[in-house]
Amino acid sequence: MEPADLLTRQGIQPARLQAAPALPARWETLARVQAMPPRPCSVCVDHDPTTARECLTWATVGLDGLCFKRPAEPYRPGTR
């Protein structure tokens, strides 16, 4: 099976895809991203359900991800 066939099976038309930018353009984009100031990171770690619910209302900081686990269990990346 060709890569184009895999795309077509997912409803993607290979002929409509744009080529990747030339290497210098990619370097410029990477330089712009690296020059950006780091964003603040807020972490709410609490075992109290009331405080945890309050952390979920922090709409101004945005949410990138959530991790819920039982306090007695270790964090296991990649598992559910």
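Calculation criteria
- Residues numbered from 1 in each chain as written.
- Predicted model: local features only at pLDDT ≥ 70, side-chain atom pairs only at ≥ 80, totals over all residues.
- Heavy atoms only, no water.
- Helix = DSSP H or I, 4+ residues; strand = E, 2+ residues; numbered from the N terminus.
- Buried < 20%, exposed > 50% of the residue type's maximum accessible area, 1.4 Å probe, protein only.
- Areas by Shrake-Rupley, 256 points an atom, 1.4 Å probe, with all protein chains shown as cover.
- Patch = residues over 30% accessible without salt bridge, like charges linked within 9 Å, V, L, I, M, F, W, Y side chains within 5 Å.
- Salt bridge = Lys/Arg side-chain N within 4 Å of Asp/Glu carboxyl O.
- 1 Å grid on protein atoms, 1.4 Å probe; cavity = no way out; pocket = protein on both sides within 12 Å on 5 of 7 lines; lining within 4 Å.
- Points joined across faces, edges and corners; volume = space filled by probe spheres on them.
- Nonpolar A, V, L, I, M, F, W, Y, C, P; charged D, E, K, R; others polar.

Student: When you look at the overall build of the protein chain in this model, what are you seeing that I'm missing?
Tutor: For the protein chain, the helix and strand inventory stands at three helices and zero strands. Here the protein chain holds 80 residues, and 1% of them are scored as buried. Here the protein chain has roughly 8,100 Å² of accessible surface; of this, 57% comes from carbon and sulfur atoms.

Student: Would you mind showing me how to read a nonpolar patch on the surface here?
Tutor: A surface patch of nonpolar side chains, amounting to about 340 Å² of accessible area, comprises Leu56, Leu66 and Phe68. One can find leucine 66 in the segment after helix H3 (49-55). Under the relative-accessibility criterion, leucine 66 is labelled exposed at 52%.

Student: What is the right way to read the pattern of salt bridges from this model?
Tutor: Side-chain pairs of opposite charge can arise whenever the charged atoms involved come near each other. All told, the structure shown has two salt bridges when counted by the stated rule. In this structure, arginine 70 and glutamate 73 form a salt bridge, with 3.9 Å as the shortest nitrogen-oxygen distance. You can call arginine 70 exposed: its relative accessible area is 58%. Note that arginine 76 is salt-bridged to glutamate 73, the shortest N-O span being 4.0 Å. For arginine 76, a relative accessible area of 47% puts it in the partly exposed group. By relative accessible area, glutamate 73 is classed as partly exposed at 32%.

Student: Hey, could you run me through the layout of surface pockets in this one?
Tutor: To find leftover empty space, a probe the size of one water molecule is rolled over the atoms. By volume, the second largest pocket is sized at about 190 Å³. Lining the second largest pocket, in full, are Leu66, Cys67, Phe68, Lys69, Glu73, Pro74, Tyr75, Arg76, Pro77, Gly78, Thr79 and Arg80. Of the residues belonging to the lining of the second largest pocket, the class tally is six nonpolar, two polar and four charged.

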